[in-house]
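In case you want the letters, here they are:
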Amino acid sequence: AAIMAAAVARRGRLGQEGRASLCSFLLGASVAALPLLLGSSPSLLAAPGLRGRLALALHVAGVNAALLLIYPRPLYKIAVRACFLGFAFGCGLLLSTGRSAWRHFGWYMCSLSLFHYSEYLVTAINNPRSLSLDSFLLNHSFEYNLAALSSWVEFTLEKLFFPELKQITWLSTVGLLMVIFGDCLRKAAMLTAGSNFNHIVQNEKSDTHTLVTSGVYGWFRHPSYVGWFYWSIGTQVLLCNPICVVGYALASWRFFRERIEEEEITLIHFFGEEYLEYKRKVPSGLPFIKGVKLEL
C-alpha cells in the first residue's frame, strides 16, 4: 500500500477510473466493520443464526444501491467489480480475525481479492491508456478459473473428511509469507516498469517502449512472472491443499515457460543486442526456465 501511495504521488493524480475503483473497494471492505456496529464478535460469518447473514445481505444491497446512484454506467461497471473484491477482502478479514475453523480460508480470501484489485489499481497508476475491465484479471482464462474452483473444492472436501489437515497453522503461515512475497514482487515489477508494463504481450513497439533493467529487473528478467508463480503456489500452501500445490506448481511453470519464450522473441525483436546482453547477465528468475533459445 505504501509503495502504491508513493507511486501515485510520483506519477500525479489518480484518474477517474482509479479513484472510483479505490472508493468502491473501500466501501465493499467496510463489511469488516459490521461486528462493531452490531456489537458482535468478529466471527460474524461463521456464527450460527440469521442476524449476521441478514446484516451481510443488507450491506451488499445498500452498497450496490449507493454505487448505482453515484456512478454512471461505465464507471459503475468498474465500481461494482472493485466493490465485490473489497467485500471479499472484508469477509476474509472477518474470518481471519475470529476463532473460526475457516480462519486460514479468510487469509486466502484477503490474498486473492487484494491481488486482483491491486492489478487494476497499479495499472491505473502506471499505464492508464491500457486500463480496462480486463485489468482486474477476473476473466483471465478458463484454465485460471478452473484452477481456482479446483482449489475451493479440494479445500472443502478435505475440511469435511480431514479437518485436522486444514489447521496446520505453521504451514498456512509459510503459504501466507509466500503470497505476500510474490504479490509484493509482482507489484514492484509493475511499478518499476511503469508504462512499459502491459497485461497483454505487445507485438508492436511503441515510441515509449524502453528496456527496463533497474530495480527488481536487475534481479530477474521477469520479476512479475516470478512473483505470480510463487503467489499462486503460496495460495495453495496457505490452504494446505496438497493436490493443488503440485497441480498449481506444474501448471504455472508450464504457463510461464511458454509465456516467457513468447515474450522474449518480441523483446529481442524490439531491442536486439541490448536485450540479448541483458538476457546473458540476468536469470529469468523461475526454476529451470532459461527463456527462448537462439540458434547459433
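Under an unreviewed UniProt entry, the name given to the protein is Protein-S-isoprenylcysteine O-methyltransferase, and the source organism is Acrocephalus arundinaceus. In UniProt, the protein has this text filed under Catalytic activity (unreviewed entry): "[protein]-C-terminal S-[(2E,6E)-farnesyl]-L-cysteine + S-adenosyl-L-methionine = [protein]-C-terminal S-[(2E,6E)-farnesyl]-L-cysteine methyl ester + S-adenosyl-L-homocysteine".

A.B. asks: What exactly am I supposed to notice about the overall build of the protein here?
C.D. replies: Across its full length, the protein carries 11 helices and 0 strands. Each helix and strand of the protein, ordered N terminal to C terminal, gives the series α-α-α-α-α-α-α-α-α-α-α. Split into buried and exposed, the 296 residues of the protein put 47% on the buried side. When contacts within the protein are restricted to residue pairs at least 6 apart in sequence, long-range pairs at least 24 apart make up 76% of them. Total accessible area on the protein stands at roughly 15600 Å², and carbon and sulfur atoms take up 67% of it.

A.B. asks: Explain the UniProt feature "transmembrane region" (unreviewed entry) in the protein to me, please; I cannot follow it from the model alone.
C.D. replies: In the numbering used here, UniProt assigns the feature "transmembrane region" (unreviewed entry) to residues 20-38, 50-71, 78-99 and 228-251. Secondary structure content for residues 228-251 is 88% helix and 0% strand, while the C-alpha to C-alpha distance between its ends is 12 Å.

A.B. asks: Explain the pattern of salt bridges here, please?
C.D. replies: Enumeration according to the criterion identifies 10 salt bridges in this entry. Through salt bridges with shared partners, a single ionic network connects Glu 119, Asp 183, Arg 186 and Lys 187.

A.B. asks: Quick question: what am I supposed to make of the environment of Glu 143 here?
C.D. replies: One can find Glu 143 in helix H7 (residues 142-161). The spatial distance from the C-alpha of Glu 143 to the C-alpha of Ala 251 is 9.4 Å, given a sequence separation of 108 residues.

A.B. asks: Would you take a moment to explain the packing of aromatic side chains for this structure?
C.D. replies: Aromatic rings considered in pairs are described by the distance between their centres and by the relative angle of their planes. If you walk through the whole model with that rule in mind, you get 16 aromatic pairs. Arranged with centres 5.6 Å apart and planes meeting at 45°, the rings of Phe 115 and Trp 228 form a pair that is tilted. Placement of Phe 115 in helix H6 (residues 103-126) and of Trp 228 in helix H9 (residues 223-238) is noted, with a sequence separation of 113 residues between them. Assessed through its relative accessible area of 0%, Phe 115 is described here as buried. Grouped by ring-pair contacts, the aromatic residues Phe 115, Tyr 144, Tyr 225, Trp 228, Trp 231, Phe 255 and Phe 256 constitute a single cluster.

A.B. asks: Just checking my understanding: could you explain the confidence of the model for the protein for this structure?
C.D. replies: If pLDDT is low for a region, its predicted coordinates should not be looked at in detail. Overall, the prediction assigns the protein a mean pLDDT of 89, with 90% of residues at 70 or greater. Between the elements of the protein, mean pLDDT differs from a low of 52, seen in helix H1 (residues 2-11), to a high of 98, seen in H9.

A.B. asks: Any chance you could explain the side chain of Glu 264 here in plain terms?
C.D. replies: Mapping Glu 264 onto the fold places it in helix H10 (residues 242-271). Polar contacts involving the side chain of Glu 264 include one to the side chain of Tyr 275, which spans 2.8 Å. Ignoring sequence-local partners within four residues, the contact set of Glu 264 consists of Arg 221, His 222, Tyr 275, Lys 279, Lys 290, Gly 291 and Val 292.

A.B. asks: For this particular structure, what's the right way to read a nonpolar patch on the surface?
C.D. replies: Nonpolar side chains collect at one region of the surface, where Phe 142, Leu 146, Leu 149, Trp 152, Val 153, Leu 157, Leu 160, Phe 161 and Phe 162 lie side by side and expose about 950 Å² of accessible area between them. Residue position: Leu 157 is located in helix H7. Leu 157 sits in the partly exposed class, given a relative accessible area of 43%.

A.B. asks: Can you help me understand the packing of helix H2 (residues 16-29) against helix H5 (residues 73-97) in this one?
C.D. replies: The geometry of H2 relative to H5 is characterised by a closest axis approach of 6 Å and an angle of 35° between their N-to-C directions. Two packed elements cross with a definite hand, and for H2 against H5 that hand is right-handed. Here Gln 16, Glu 17, Ala 20, Ser 21, Ser 24, Phe 25, Gly 28 and Ala 29 of H2 come into contact with H5, specifically with Leu 75, Ile 78, Ala 79, Ala 82, Cys 83, Leu 85, Gly 86, Phe 87, Phe 89 and Gly 90. Here the contact of H2 with H5 is built from residues that sort into 11 nonpolar, 6 polar and 1 charged.

A.B. asks: Sorry, what's going on with unusual backbone geometry here?
C.D. replies: The bulk of non-glycine residues show a negative phi, and the bulk of peptide bonds are trans. The backbone of Leu 137 shows a phi angle near 60°, a positive value even though the residue is not glycine. On the basis of relative accessible area, Leu 137 is assigned to the buried category, the value being 7%. Of note, Phe 288 is a non-glycine position whose phi angle comes to about 60°, a positive value. Assignment of secondary structure puts Phe 288 in the segment after helix H11 (273-281). Looking at Phe 288, the relative accessible area reads 78%, which means it is exposed.

A.B. asks: Looking at this structure, how should I read the side chain of Thr 266?
C.D. replies: Mapped onto the secondary structure, Thr 266 falls in helix H10. Residue Thr 266 is classed as buried on the basis of its relative accessible area, which comes to 12%. When residues no more than four places from it in sequence are discounted, the contact partners of Thr 266 are Val 201, Gln 202 and Asn 203.

A.B. asks: Is there a simple way to think about the nonpolar core in this case?
C.D. replies: Considering soluble globular proteins, one finds that nonpolar side chains tend to be buried as a cluster. In this structure, Tyr 217, Trp 228, Trp 231, Tyr 275 and Leu 286 are the most contacted members of the largest nonpolar core, which totals 51 residues. Only helix H4 (51-70), H5, H6, H7, helix H8 (169-193), H9, H10 and H11 provide two or more residues apiece to this core. Top element by residues in this core is H9. It accounts for 8 residues. Residue-level mapping places this core at the junction of two domains, with at least three residues from each of domain 1 (1-139) and domain 2 (140-291). Setting aside its immediate chain neighbours within four residues, Tyr 217 contacts Ala 189, Thr 192, Ala 193, Phe 197, Val 212, Pro 223, Tyr 278 and Val 282. Within the second largest apolar cluster, 23 residues are counted, among which are Leu 67, Ala 79, Cys 83 and Phe 89.

Definitions and limits used
Residues numbered from 1 in each chain as written. Predicted model: local features only at pLDDT ≥ 70, side-chain atom pairs only at ≥ 80, totals over all residues. Heavy atoms only, no water. UniProt positions renumbered as here; feature names shortened; annotations may be inferred. Helix = DSSP H or I, 4+ residues; strand = E, 2+ residues; numbered from the N terminus. Buried < 20%, exposed > 50% of the residue type's maximum accessible area, 1.4 Å probe, protein only. Contact = heavy atoms within 4.5 Å. Areas by Shrake-Rupley, 256 points an atom, 1.4 Å probe, with all protein chains shown as cover. Salt bridge = Lys/Arg side-chain N within 4 Å of Asp/Glu carboxyl O. Phe/Tyr/Trp six-rings, centres within 6.5 Å; stacked < 30°, edge-to-face > 60°. pLDDT = per-residue confidence, 0-100. Polar contact = N/O pair within 3.5 Å; in protein donor to acceptor, adjacent residues only side chain to side chain. Patch = residues over 30% accessible without salt bridge, like charges linked within 9 Å, V, L, I, M, F, W, Y side chains within 5 Å. Axes fitted to C-alpha atoms, helices over the stretch in contact; angles between N-to-C directions. Left-handed = near helix turned anticlockwise from the far one by under 90°. Nonpolar A, V, L, I, M, F, W, Y, C, P; charged D, E, K, R; others polar. Core = buried A, V, L, I, M, F, W, Y, C linked by side-chain atoms within 4.5 Å. Domains from an automatic or database assignment.

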